[in-house]
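# Summary of structural features
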Amino acid sequence: MPAPATIVHVALGSNEGDRHRHLQDAIDRLGLVPGIEVVRRSSFRESRFAGDGPAQPDYLNGVVELRTALPPLALLGVCKALEARAGRRLPAPGNHPRPLDLDVLFYGDECIDSRDLVVPHPRWHLREFVLEPLRELGVDVAARPRRAAPRVVEPPGEFAALCSTWLAGGCVVGLVPTMGALHDGHRSLLEIARRECDRVAATIFVNPLQFGPDEDFAAYPRDLAGDLRVCAAAGVDAVFAPSVAQMYDPGFCSHVAVGGAASGMEGALRADHFRGVATVVARLFALARPHRAYFGEKDAQQLAVIRRMTRDLGFPIHVVGCPIVREADGLAMSSRNVYLGPADRAASTVLHRALCSARAAFARGERGRDALIARVRAVLATEPRAAVDYVELRAEGDLAPLPPGPVDGGRLLVAARFTDGARPVRLLDNLSLVPGPLEP
Ligand code: AMP
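Everything quoted here is computed from the prediction, not taken from an experiment. (Residues numbered from 1 in each chain as written. Predicted model: local features only at pLDDT ≥ 70, side-chain atom pairs only at ≥ 80, totals over all residues. Heavy atoms only, no water.)

Below, the discussion takes up the site of the ligand. M179, G296, D299, V325 and M333 are the nearest of the 17 residues found near the ligand. The side chain of H186 places a nitrogen or oxygen atom 2.9 Å from an oxygen atom of the ligand. Within the contact set of the ligand, a nitrogen atom lies 2.8 Å away from a backbone nitrogen or oxygen of M333. Relative to its unbound accessible area of 480 Å², the ligand is 93% covered by the protein chains. Of all elements in the fold, only β9 (173–178), α5 (184–196) and β12 (292–296) reach the threshold of two or more residues within the shell around the ligand. Counting residues per element, the shell around the ligand draws most heavily on α5, which supplies three residues. A breakdown of the residues in the shell around the ligand according to their chemical character gives nine nonpolar, six polar and two charged. (Near = heavy atom within 4 Å. Polar contact = N/O pair within 3.5 Å; in protein donor to acceptor, adjacent residues only side chain to side chain. Areas by Shrake-Rupley, 256 points an atom, 1.4 Å probe, with all protein chains shown as cover. Helix = DSSP H or I, 4+ residues; strand = E, 2+ residues; numbered from the N terminus. Nonpolar A, V, L, I, M, F, W, Y, C, P; charged D, E, K, R; others polar.)

See below:
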């Protein structure tokens, strides 16, 4: 065995059984493996379970610094064997209590992106229970690489092959479809996916099928270099950025027709819009076959259409709706906001104010469907720059129309046009009458 050479950091965690013994045993046994020397270890500390799903016991966490001659995959094999020895059941995707969890954080300065191992660990910098022990060991966390840049893939076949490799390796795969020009709203989707999945693919594709002939397909903002920076910072594993010709070859002629939630509101104003959305999302689902796909509540009607389409076509995919991210003044973030002129930008806050005003009326006891809609319209009417397309109150979830009369909840949806900037901008917003757990 050559002299141990590479400095490696491994995170340890346990939230099942005798947690302290599991961590200490793992360190002791690592030190007994030929080719591994334990240099030092951090103290162990408690951290609350912060994942999704049912509540779990708190974790005990720490980090150990090793010097090793083992190649990365051999070291990973040792870690997996120690997890199994501690009683961890594998494969078990998702969050579940575990007697021992060993994650290779860094392997020297190497960036590794193999089926079984991604180093630097994609989420190390997002976890205080990793950052704190690293600091204790004197690691300059600000100087450490976040992770390898995401792999950029253009041909659909190559993207499908990459996702297949992940799936064959037992990874939980998350897909975040976008049209690029990424902002903090998109970033939140990527970060949620990053927390919940082993591999995250973002797609960046301005989909011509969902634009009408008079709409802004050609002028839609595009910034692939900026988008790749956002994806890299969020720890995305791969970015699928095909050209239109790659997605739709010249003979392309099959579409997914959608009804139900696709009628009314955007569906009434933008002929074939949701047909185009459903078609591209179905195509992305078929290529990636993810376990989970992430969409924003910002486009609530789109989310309802995709949920229904996923169910109707039998895609075994969990569609995750993510809360709306807003500017400090309440404007929902959108790639098209850059086209608002200064006066329209100032006026645009009226959408959120109008929705909040109706929600406040609901909280005070107003239950009339039409009275709540009238409340939104009254506030919108105070802003002459906003040309209102619609205001609706629909059932939460599937956005089914609500009959007139009293309501016990629901979601208000609004669209308005602003025309003072470089080009007209349509803004969409929505708000549940009952605040969600993540909303202010
Ligand atoms: P787009 O690039 O506009 O197609 O959006 C891609 C995804 O990001 C969609 O699922 C949107 O609903 C979501 N999204 C866009 N803006 C926001 C926002 N402000 N907050 C949360 N999600 C958003």
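Another point: the sheet that holds strand β15 (residues 411–418). As summarised here, the arrangement of the three strands in space is β14-β15-β16, forming an open sheet in which the pairing is antiparallel. Two strands lie at the open edges of the sheet, namely β14 (387–394) and β16 (425–432), each paired on one side alone. Neighbour to neighbour, the strand axes of the sheet diverge by 10 degrees on average, direction disregarded. Direction of pairing for β14 relative to β15: antiparallel, over a ladder of seven bridges. The residue of β15 that forms the bridge with Y390 is A415. (Pairing = 2+ DSSP bridges. Axes fitted to C-alpha atoms, helices over the stretch in contact; angles between N-to-C directions.)

You can read the domains of the protein as domain 1 (6–143), domain 2 (151–322) and domain 3 (335–432). Each partner contributes to the interface: domain 2 provides 22 residues, whereas domain 3 provides 18 residues. Of the roughly 1600 Å² buried where domain 2 meets domain 3, counting both sides, 53% is carbon and sulfur surface. Applying the counting criterion to the domain 2 and domain 3 interface returns three salt bridges. For the salt bridge of R411 with E297, the shortest nitrogen-to-oxygen distance reads 3.8 Å. (Domains from an automatic or database assignment. Contact = heavy atoms within 4.5 Å. Buried area = accessible area lost by both parts, 1.4 Å probe. Salt bridge = Lys/Arg side-chain N within 4 Å of Asp/Glu carboxyl O.)

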